[in-house]
Amino acid sequence: MRKLFFLIVSVSLIFNLSAQDNKIIDEVIWIVGDEAIFKSEVEQEIMRARYEGTKIEGNPYCVIPEQIAIQKLFLHQAALDSLNVSETSVNAEVDARVNYYIANIGSKEKVEEYFRKPMNELREELRTMVKNNNLIMMSRENLVKDIQVTPSEVRRYFNSIPADSVPTIPAQVELQILSVTPPIPQSEINRVKDKLREFTERINANPNDFSLLARLYSEDPGSAKQGGEIGFLGRGQLDPAYASAAFNLNDSKKVSRIVESEFGFHIIQLIEKRGDKVNTRHILLKPHISLEDKVNGMKKLDSIADLIRENKISFEQAVANYSQDKNTVMNAGLMNNSETGTSKFEYQQLPAEVAKVVYDMNVGEVSKAFIMMDKNTNKEMLAIVKLKSKTPNHKANVMDDYQTLKNILENKKKQDFLNNWITQKQKETYISISPEWRNCDFQYKGWIK
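These numbers were taken from a predicted model, which means no experiment stands behind them.

Draft legend 1. Spatial organisation of the nonpolar core. W30, I37, V42, F74 and W447 are the most contacted members of the largest nonpolar core, which has 27 residues in total. Counting residues per element, the ones that place at least two in this core are β1 (28-32), α1 (39-52), α2 (60-80), α5 (119-144), α14 (398-428) and β13 (431-433). Here this core takes seven residues from α2, the largest share from any one element. Beyond its immediate chain neighbours, meaning those up to four positions away, I37 contacts E27, V28, I29, W30, V32, V42, P65, I68, A69 and K72. Core analysis: the next-biggest nonpolar cluster, separate from the first, contains 18 residues, V354, M361, F370 and L387 among them.

This is how it looks when you write it as structure tokens:
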């Protein structure tokens with residue numbers, strides 16, 4: 001994972017039950033082993049699903065308690081297996097979620113007002129939730145870690161699928177890419193640095209101006225609306241150059257030197273240090289590539305593409321000589337699909353700019369130069385791509401889609417194992433359900449004995 005100097009994550013909001021104290025009279029509705037399930041837990045999950053627009057298949061007052069009960073079975077197994085979650089990773093995720101709340105709600109004070117509880121209490125709830133979620137995931141993975149399938153099993157599985165049920169495999173492509181960052185003239189770099197020096201002088205005269213200037217001028221959209229504040233992060237979550245400068249700050253009234261990272265140029269102000277984490281605010285300015293430099297860069301790439309088309313140089317040689325994409329340069333430019341761990345992409349899995357270019361290309365064809373955004377740094381890059389292979393929409397077959405079929409079968413075997421494991425645990429575990437919560441069509445039938 002790329003090290004970022006700011007972090008925005010997609011998370012589910014934790015609903016504040018204390019605001020509902022006058023509406024929900026709490027009571028124990030299930031007991032699973034030594035663990036109780038409270039009515040408030042169910043109401044909490046239902047409110048969260050409604051807020052997020054998550055559809056619950058079936059009666060939520062049946063579905064949600066069963067889901068919580070299953071989670072408690074996995075947590076119990078995690079304890080039996082002595083599984084542990086890194087406190088560092090838990091704290092990092094809690095910090096990320098709190099930073100997300102602050103970024104979307106407006107401030108620490110507004111977050112506390114929204115959840116109607118102090119930040120330390122919210123953090124503790126988040127810590128418990130994150131730790132339990134990670135333990136459940138680890139427990140599931142630990143239970144099925146040894147499940148694999150052989151080639152003969154894959155073939156038998158495929159042959160057992162009725163002809164009208166054979167899955168359709170979407171069109172897939174394999175691509176090689178050569179990408180470069182257009183050169184930025186020193187005059188543009190000097191312009192950015194001069195602007196940051198101007199901000200520094202103003203902040204040194206009035207340190208409170210940092211937040212205002214960040215809101216007005218910072219080119220980090222994630223933190224600009226928070227006055228440049230990025231929240232508590234550890235060294236490993238920050239760009240190395242940014243981290244070095246941030247952790248060396250000791251005076252909240254002082255501004256760092258100008259720091260160059262892969263994202264651009266920053267000035268940084270310390271807010272607070274807490275153990276191995278630091279909370280800072282920053283102003284990010286990025287040198288901008290001129291239209292002339294983009295045009296010249298694309299002309300150069302197009303000339304390289306012409307040499308490849310004329311067989312004067314191979315695409316692999318061109319990548320080795322010219323590409324600046326450190327993720328692909330050591331692999332002859334071959335793009336890797338992080339979702340599947342293979343080099344094959346469905347069109348919707350590709351960056352939008354790349355998908356648009358390759359959609360009508362033929363195998364072996366090299367594209368014209370185009371502009372794309374680096375998803376990690378949000379910087380413009382120039383690129384050409386070669387279409388290495390292209391598989392149209394088709395009914396799955398063992399020859400072309402072995403890995404896909406293998407994944408399907410492995411996932412099926414793992415889910416079957418977990419279903420049987422839950423059924424067996426129901427038999428071994430003390431379970432009690434309040435009478436008014438029993439009239440349900442549960443997914444697993446062994447809850448009521």
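Draft legend 2. How the structure looks around the pattern of salt bridges. Under the definition given, this model contains 21 salt bridges. Linking R123 and D95 is a salt bridge whose minimum nitrogen-to-oxygen distance equals 2.7 Å. Of this pair, R123 sits in helix α5 while D95 sits in helix α3 (residues 87-105); the two residues are 28 residues apart in sequence, bridging distant segments of the chain. Given the relative accessible area of 15%, R123 is considered buried. Salt bridges here are not isolated pairs; linked through shared partners, they connect D95, R123 and K277.

Draft legend 3. Inspection of the sheet that holds β13 at higher detail. Taken in spatial order, the three strands line up as β2-β1-β13 in an open sheet, and their pairing is antiparallel. Each edge of the open sheet is held by one strand with a lone partner, namely β2 (35-38) and β13. Ignoring which end each strand starts from, the neighbouring axes of this sheet average 20 degrees apart.

Draft legend 4. Region of the structure containing the state of the cysteines. Within the structure shown, the criterion is met by one disulfide. Two residues share a disulfide in this structure: C62 and C440, whose sulfurs sit 1.9 Å from each other. Across the S-S bond of C62 and C440 the torsion is about -75 degrees, and the bridge reads as left-handed. Of this pair, C62 sits in helix α2 while C440 sits in the segment after β13, and the two are 378 residues apart along the sequence.

Draft legend 5. Seen up close, the sheet that holds strand β7 (residues 264-274). The strand order β5-β8-β7-β6 describes an open sheet built from four strands, whose pairing is antiparallel. Each edge of the sheet is formed by a strand with only one pairing partner; in this case those strands are β5 (229-234) and β6 (259-261). With strand direction ignored, the average angle separating the axes of adjacent strands in the sheet is 45 degrees. Relative to strand β8 (residues 277-285), β5 runs antiparallel, the two being bridged by five bridges. Across the sheet, L233 pairs through a bridge with V278, a residue of β8. Strand contacts of helix α8 (residues 209-217): β7 and β8, with the helix running at about 50 degrees to β8, the strand carrying the most contacts.

Draft legend 6. The side chain of Q269, seen in detail. Along the chain, the position of Q269 falls in strand β7. Of the polar contacts made by the side chain of Q269, one reaches the backbone oxygen of P207; its length is 3.5 Å. Among the polar contacts made by the side chain of Q269, one reaches the side chain of R281 at a distance of 2.8 Å. Excluding residues that lie within four positions of it along the chain, Q269 makes contacts with I203, P207, F210, L249, S252, K254, T280 and R281.

Cut-offs used in this document
- Residues numbered from 1 in each chain as written.
- Predicted model: local features only at pLDDT ≥ 70, side-chain atom pairs only at ≥ 80, totals over all residues.
- Heavy atoms only, no water.
- Core = buried A, V, L, I, M, F, W, Y, C linked by side-chain atoms within 4.5 Å.
- Buried < 20%, exposed > 50% of the residue type's maximum accessible area, 1.4 Å probe, protein only.
- Helix = DSSP H or I, 4+ residues; strand = E, 2+ residues; numbered from the N terminus.
- Contact = heavy atoms within 4.5 Å.
- Salt bridge = Lys/Arg side-chain N within 4 Å of Asp/Glu carboxyl O.
- Pairing = 2+ DSSP bridges.
- Axes fitted to C-alpha atoms, helices over the stretch in contact; angles between N-to-C directions.
- Disulfide = S-S within 2.5 Å.
- Polar contact = N/O pair within 3.5 Å; in protein donor to acceptor, adjacent residues only side chain to side chain.

These figures capture arrangement, not role.
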